[in-house]
Structures are given as C-alpha cells and as structure tokens.
Amino acid sequence: MVVIFLQFLYFKVKRRCLDNSEQIQQLHTSMGFWFLVFTYTIFQSTSSIIFDIFSFDNLGTDNECYLTSDYTTRCNTARWRLWVIYAACCVLVYPIGIPFMYFTLLWRNRHIIDPSLDETGARARMGDNFGKSRVAQALEIRNADRKIQYLAFLFESFEPRYWWWEVFESFRRLTMTSFQVFIFPGSSRQMFTSLAASFLFVKMYSYCNPYVLDSDDILAETVQWVTALTIGIALMLSVGSISSSGFVGAMLIGLQVSVLCFAAYLCLITLNTEINFFLEWPIFKPVKRFHSRVSTMNFQSKDSTAVIYPKDGSFYNPETEPEYDTQDDCPNPGAGMKYIKADCSFEPEKKSS
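Along each chain, the written sequence defines residue order, and numbers are assigned to residues from 1. This being a predicted model, a pLDDT of at least 70 is required before a residue's local features are given, and a value of 80 or more before pairs of side-chain atoms are given or counted; all residues contribute to the totals for chains, interfaces and linings. Here the side-chain values reflect all heavy atoms present in the structure, with hydrogen atoms and water set aside.

**A word on helix α9 (residues 188-208)**
Runs of E in the DSSP output that reach at least two residues are strands. Runs of H or I that reach at least four are helices, and both are numbered from the N terminus. Each helix should span, by expectation, one fewer than its residue count multiplied by 1.5 Å. Spanning 21 residues, α9 covers 30 Å between terminal C-alpha atoms, matching the ideal 30 Å at 1.5 Å per step. Here the term buried applies to any residue with accessible area under 20% of the maximum for its type, exposed to any over 50%, and partly exposed to those in between, with areas from a 1.4 Å probe on protein chains only. If you check which residues of α9 are buried, you get Gln190, Ser194, Leu195, Ala197, Ser198, Phe201, Val202, Tyr205 and Cys208. On the buried face of α9, the contacting elements are α8 (165-176) and α10 (214-239). Directly beyond the C-terminal end of α9, a positive phi value near 45° is found at Asn209. A contact between two residues is defined here by any heavy atoms of the two lying within 4.5 Å.

Laid out in structure tokens, this is it:
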C-alpha cells in the first residue's frame with residue numbers, strides 16, 4: 001500500500017509539471033502500466049500470506065491451536081481475532097480486489113481489445129474462414145489504439161476473444177496455491193482436489209488455446225500437464241502407492257527440467273518473432289530506430305565490387321552482371337537511400353542544412 005501511495009503521489013506531482021497533452025497521455029500510460037505490473041508481482045505472494053492467517057493446527061484440546069505458518073502464534077486469542085479481521089479486509093483488496101480490477105478494466109475496453117472488423121462487421125475468430133488473417137487485422141487495430149496501451153500487459157499475449165484470460169489465470173493461480181488452506185488441509189483429499197483442478201485447467205488450455213503464438217499455447221498446456229503429473233506423484237506418495245526413492249525424486253526433477261528445456265527450445269525457434277515483439281515496447285524505441293537505420297544501409301563485402309542489399313540479402317557484381325538503366329529495375333533499397341546508376345547501388349541521402 002505504501003508503494004501504491006508513493007506512486008500515486010509521484011503521478012500527481014508529475015502531472016502538475018506537464019502542460020503538453022501528448023506528454024500527459026504518455027504519463028498516464030506509463031504509470032498505469034507500472035501499476036499493473038506491480039499488482040501482478042505482489043498478487044500471488046501477498047494472497048498466500050493473507051490466507052495463511054486462516055490456516056491453523058489443533059494441538060490437543062480445542063483451546064490449543066496455533067497458526068500453521070507460525071507455531072509461536074496461538075489462535076482463539078484477542079490478538080489473533082484482530083488479525084483475522086485485518087486479513088478479511090485484505091482479502092477484499094488483494095485476492096479478490098486485484099482480479100476484479102483487472103476484469104473491470106478489461107470489460108470496459110473489451111470492444112477495443114476485441115474489435116469488429118470493418119470488412120465483415122464481425123469480430124475475428126480463429127475457427128472462421130480466413131481466421132488467422134482476420135485475427136491479425138484485429139491485433140493491428142487494438143495495438144494501434146493508444147488509449148489501452150497501459151492495459152497491454154494484461155491482454156497482449158492473448159487472442160482478442162480471450163481478453164479475459166488473465167483474470168482466469170489469476171483464479172487458477174489462487175486455486176492451486178492459496179485456496180488450498182481451506183480444502184481438507186494436510187490430507188490426501190486435498191491433493192486429490194488439486195489433481196482434479198489441474199486436469200480441469202489442462203482441459204481449458206487445450207480447448208481454448210488462448211495465446212496469440214502457437215508456441216505459447218503448447219508451452220502453457222505442457223506446464224499444466226507437468227503440474228498434474230507432479231501432483232499425481234505426490235498423491236501416490238501420500239497414500240503409500242509408491243515409496244519415496246531416488247528414482248521418484250529424479251523423475252520429479254526431470255519433469256521440472258523438461259519444462260525449462262522445452263521453453264528454451266520454443267524461445268529459440270521463435271526468437272525473431274519475440275525480438276520484433278519487444279521492439280514495439282516504448283523502452284526499446286531507441287534500439288528499434290537504430291535497427292531501422294542499419295537495415296537501410298549498404299554494406300560492402302570483402303569483394304569490393306560486390307554490393308549487399310539488406311532487403312533481400314542479394315549481391316550485385318558489376319563485373320559479372322549487366323548494368324541497370326533505371327532505378328525501377330533495382331531492388332527496393334528502403335527509404336532515405338539515393339540511387340547510383342551503373343552498379344545499382346544506393347547510399348544514404350545527404351540532407352541539406
């Protein structure tokens with residue numbers, strides 16, 4: 001709460017120092033983005049700490065119960081009751097309040113996040129004819145709208161129709177972690193409930209495929225399967241179906257490592273896509289401008305008579321290839337380049353001062 005207050009105070013002070021509407025809009029976008037990043041970062045850990053207040057262990061009589069997370073703190077005392085009231089208020093702020101805030105912001109802008117296409121008058125769906133091309137058009141429309149750029153953190157990874165998926169993901173994270181303190185704590189039934197929930201989430205991910213990139217869909221479903229297998233092995237260990245051994249431990253470690261290796265593999269095969277994606281972030285604009293300038297320049301190869309065209313990677317050698325008479329016959333060099341007759345090379349135009 002202190003960090004949020006300081007961020008709000010900084011926003012108010014900075015807002016008073018700006019007169020340009022463009023700068024004010026950028027400030028709103030930046031502050032909104034970092035606020036959402038902050039809430040996303042603290043959401044899981046804070047929720048777990050809050051719900052730990054409601055988890056206690058009875059030791060002997062009913063009057064001897066202690067917090068599961070801290071056995072030095074007794075329950076059924078006036079101090080503990082005050083903490084319960086405080087934790088109940090925090091539940092409304094964090095585990096419930098943060099996802100509700102996400103849903104409210106996304107719901108209010110759902111028509112921009114999932115826009116209707118001008119040519120069809122309908123929203124783009126992957127299952128329709130020309131689904132991929134129309135979804136790509138919808139992504140271009142929503143990415144061009146600057147009003148929702150501060151919300152991009154919540155929806156940019158998902159297809160337009162699944163603008164609400166981050167809210168569902170928040171619920172999934174709570175279900176698999178914090179909510180477990182209320183479901184048969186410390187028993188095999190708790191693990192069985194977690195296993196059933198994990199299979200439900202596997203089905204949701206496999207049926208919806210919510211991510212824009214297919215590689216993200218595959219990775220997300222793989223993670224859910226590994227989670228289900230891990231819980232299943234833990235359940236068998238708790239009921240004694242299998243005995244704890246080095247092989248079981250190695251298998252559990254192998255499952256987790258396999259996810260990391262698979263994620264690294266997908267990152268490698270989609271590296272170009274990811275680089276272009278990150279270059280769209282405002283923080284990487286200088287890098288993008290540098291990349292654009294470099295891509296429009298000519299580079300001389302070791303053979304001084306050959307010219308490299310970055311657009312298509314082709315070479316022109318005036319000793320072995322005919323001359324070009326007009327600029328239209330040459331490969332497209334990009335903006336800001338000047339045509340040189342004979343060898344069809346280009347050089348950056350010099351602007352007059």
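**Brief notes about the packing of aromatic side chains**
The description of two aromatic rings rests on the distance between their centres and on the angle between their planes. Note on aromatic contacts: the rings of Phe and Tyr and the six-membered ring of Trp form a pair at centre separations within 6.5 Å, being stacked when their planes are under 30 degrees apart, edge-to-face when over 60 apart, and tilted otherwise. Scanning all chains against the criterion turns up 19 aromatic pairs. Consider the rings of Phe51 and Phe182, whose centres lie 5.4 Å apart with planes at 90°: the pair is edge-to-face. Separated by 131 residues along the polypeptide, Phe51 in helix α2 (residues 21-52) and Phe182 in the loop between α8 and α9 bring together distant segments of the chain. Taking the relative accessible area as the measure of exposure, Phe51 reaches 6% and is therefore buried. Take Phe182: its relative accessible area is 46%, and that puts it in the partly exposed class. Seen in terms of ring centroids, Phe199 and Trp225 are 6.1 Å apart; in terms of plane orientation they differ by 75°. Their pairing is edge-to-face. Remark: Trp225 occurs in helix α10 and Phe199 occurs in helix α9; sequence separation between them is 26 residues. A relative accessible area of 40% places Trp225 in the partly exposed class.

**Side note on the layout of surface pockets**
Only protein atoms enter the calculation, which uses a 1 Å grid: trapped sets of points that fit a 1.4 Å probe without letting it out are cavities, open sets showing protein on both sides within 12 Å along at least five of seven lines are pockets, and any residue with an atom within 4 Å of a point is a lining residue. Grid points are joined across faces, edges and corners, and a volume is the space filled by probe spheres set on the points. Taken as a whole, the second largest pocket holds about 320 Å³ of empty space. Tyr211, Ser215, Asp216, Leu219 and Ala220 are, among the 15 residues lining the second largest pocket, the residues nearest its centre. In the scheme used here, Gly and all other residues not listed as nonpolar or charged are polar, with Ala, Val, Leu, Ile, Met, Phe, Trp, Tyr, Cys and Pro taken as nonpolar and Asp, Glu, Lys and Arg as charged. Split by residue class, the lining of the second largest pocket holds eight nonpolar, three polar and four charged.

**Describing the UniProt feature "transmembrane region" (unreviewed entry) in the protein chain**
UniProt positions are given in the numbering used here, feature names are shortened, and annotations may be inferred rather than shown by experiment. Within this numbering scheme, the UniProt entry marks residues 33-54, 83-107, 181-202, 222-240 and 247-271 as carrying the feature "transmembrane region" (unreviewed entry). A distance of 33 Å separates the end C-alpha atoms of residues 33-54, which is 91% helix and 0% strand. Across residues 181-202, helical content stands at 68% and strand content at 0%; the span's end C-alpha atoms are separated by 22 Å.

**What to know about the pattern of salt bridges**
Whenever a carboxyl oxygen of Asp or Glu lies within 4 Å of a side-chain nitrogen of Lys or Arg, that contact is scored as a salt bridge. Enumeration over the complete set of coordinates arrives at four salt bridges. Two residues, Asp114 and Arg125, come together in a salt bridge whose shortest N-O distance is 2.9 Å. Taken as a pair, Asp114 in the loop between α5 (110-113) and α6 (131-144) and Arg125 in the loop between α5 and α6 lie far apart in primary sequence, 11 residues in all. Overlapping salt bridges, with partners in common, bring together Asp114, Arg123 and Arg125 in one network.

**Digging into the side chain of Gln224**
As for its position among the elements, Gln224 is in helix α10. If sequence neighbours within four positions are ignored, Gln224 has contacts with Arg172, Phe201, Val202 and Tyr205.

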